[in-house]
Amino acid sequence: MAIIETRDLVFRYDDGGDNALDGLTVHIEEGSFTAVLGHNGSGKSTFAKHLNAILLPSGGKVWVGGLDTADEKNLFDVRKTAGMVFQNPDNQIVATVVEEDVAFACENLGLPPEEIRKRVDDCLAAVGMSEYARHAPHLLSGGQKQRVAIAGVLAMQPRCIVMDEPTAMLDPSGRAEVMGAVRRLNREMGVTVVLITHHMDEAAQADRILVMQRGKVALDGTPKEVLSQVERMGELSLSVPQTVELLHTLDPQGQTLSHEALSVEECADQIIHNYLGVRP
Amino acid sequence: MLKDITLGQYYPGTSPVHRMDPRTKLLSLILYIVTIFVVKGAIPYAVCVLAVMAAVWVSTIPAKMVLKSLKPIVIIVIFTGILNMLYTPGREIFRVWILKITAEGVTTALTMALRIVLLVSSTALLTYTTSPMALTDALESLLSPLKKIKLPVHEFAMMMSIALRFIPTLIEETDKIMSAQKARGADFETGSILNRAKALVPVLVPLFVSAFRRAEELATAMECRLYHGGEGRTRLHSLTYTRLDLIAGIIVAAVCGGAIALSIVL
């Protein structure tokens, strides 16, 4: 069943420019991990903001968990179904103690203190931050802060988490920490993840990639299908992983080498198999 | 480093005074302050002095720290003392030129000085043993009856706690902007006060712009986490009175009541 569904979604900002979203129709399955790629101005962040009713459609419809986001009385339930993690971890942490910040959403839900305690402990464990429960957030590293922010959203027990470039402000080790936490909560807890990103290596970890251009879906498929289309990705001003790039340079037509190699091992196997005649 | 500044003057610990509910502490302090301004006579004041000393001893806060909190008020204490001594009419004990000192003046001066010292040291004890967040929670809880007359008590408390949360973040940002300006030749350390103040303008403008941007993002993030005001909100650490608060409350009430009773009887 589709947890997120948009039909002919159109959105135009007030500044009178072109449509930021221009007839976008997307289905996202429950429990899936979808990455949304696109160069700046492709509409990917605008799309994310529609999944949480931060922006409402100028035209078309958005359903989250079967609820129409344009209906004011669904607002609370839409936001409870689809949690949102933003780019800057500093600007989404509310409290001066980590565990109180994670508790914030539960406190707003009006849950009893014992239930809040349990959820806070579970969520901090899920992102690997249990030992920092009593720390002050401003003394944590970027990756740690972002994991606290994820735990804070997770504590609402949303069915879906939408992340708008959560690693854009982090260093490589922080990015790895956050991506590890995201994969874990998708695989182990079955939370649907929509990851807006411009890092190809992060997108490659998803089950499905949507590439957006000028407010429309330009490419849609598994990471292997999408990332192996070197020319098409180039037209969309996106790069492909270096492994694909290498195979493409060696054999532009793809006659002997398959371009669908996202890991270094797969790439090496292809080359060894085809040029040295050794079976992988 | 700017980043390491402490908020308020909280001195962490596990003493009974630390563990008391912040509301009990706040109410006790108010009762105590009323007492020191109501009582008269040497013995009741001795009781008040002993009470604060006992509280400091129980709290395990080093006495040196409490004395340090009195340092900024030394001048005020001396000034009020002298004025009271000179301008209180009464029986003259001695006179220098046109300045006459009266017996009543000496008593009033000593009382005023003692009151100010007790006021500041007891308040310092509260801020040493209670974190700013706990104080905010206590204020919200104690003022909640005012919600009935439509005072936005919860909103004020939320604003306070968010301000406390963002102080280190904004200090860090100021640091960063100042470094960036220094790298481009800005000079914050030399020149007249006016010039140094002027040099701060290019720091404050970007700081304000970014603070507004942060505020907007934070508001969106809070809404996304279902924040909808104080209505129906629960807390992870809700304030609860324990037996400790009962005992402490009885002791404080007995001491203050006793001091007032003594000053009436004597």
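Novice: Sorry if this is basic, but what is going on with helix α9 (residues 193–224) of chain B here?
Specialist: Structural remark: α-helix, 3.6 residues per turn; residues separated by three or four positions point the same way. For α9 of chain B, spanning 32 residues, the distance from its first C-alpha to its last is 45 Å, which sits close to the expected 46 Å at 1.5 Å a residue. Along α9 of chain B, the helix axis deviates most sharply at P202 of chain B, where the bend reaches about 30°. Looking only at α9 of chain B, the buried set comprises A199, V203, L207, S210, R214, L218, A221, M222 and C224 of chain B. On the buried face of α9 of chain B, the contacting elements are α2 (75–81), β6 (82–85) and α3 (98–109) of chain A together with α8 (153–183) of chain B. Remark: L226 of chain B follows α9 of chain B within two positions and exhibits a positive phi of approximately 70°.

Novice: Would you mind showing me how to read the interface of chain B and chain A here?
Specialist: Many descriptions give the size of an interface as the accessible area lost when the pieces come together. Contact residues are listed per partner, giving 29 residues for chain B and 37 residues for chain A. Both faces combined, the contact of chain B with chain A buries some 3,000 Å², and carbon together with sulfur accounts for 57% of it. Its largest share of buried area at the contact with chain A, chain B owes to R225, L226 and L236 of chain B, together 29% of the area lost on that side. Counting every contact that joins chain B to chain A gives five salt bridges. Linking R235 of chain B and E107 of chain A is a salt bridge whose minimum nitrogen-to-oxygen distance equals 3.3 Å. At the boundary of chain B and chain A, one finds 15 residue pairs in polar contact (both at pLDDT 80 or more). Listed by contribution, the elements that provide at least two residues to the side of chain B that touches chain A are α8 and α9 of chain B. Taken together, the residues of the side of chain B that touches chain A sort by class into 13 nonpolar, seven polar and nine charged.

The rules behind the values
Residues numbered from 1 in each chain as written. Chains lettered and ligands numbered in written order. Predicted model: local features only at pLDDT ≥ 70, side-chain atom pairs only at ≥ 80, totals over all residues. Heavy atoms only, no water. Helix = DSSP H or I, 4+ residues; strand = E, 2+ residues; numbered from the N terminus. Expected span 1.5 Å × (residues − 1). Bend = angle between axes of the 7 residues up to and from the residue. Buried < 20%, exposed > 50% of the residue type's maximum accessible area, 1.4 Å probe, protein only. Contact = heavy atoms within 4.5 Å. Buried area = accessible area lost by both parts, 1.4 Å probe. Salt bridge = Lys/Arg side-chain N within 4 Å of Asp/Glu carboxyl O. Polar contact = N/O pair within 3.5 Å; in protein donor to acceptor, adjacent residues only side chain to side chain. Nonpolar A, V, L, I, M, F, W, Y, C, P; charged D, E, K, R; others polar.

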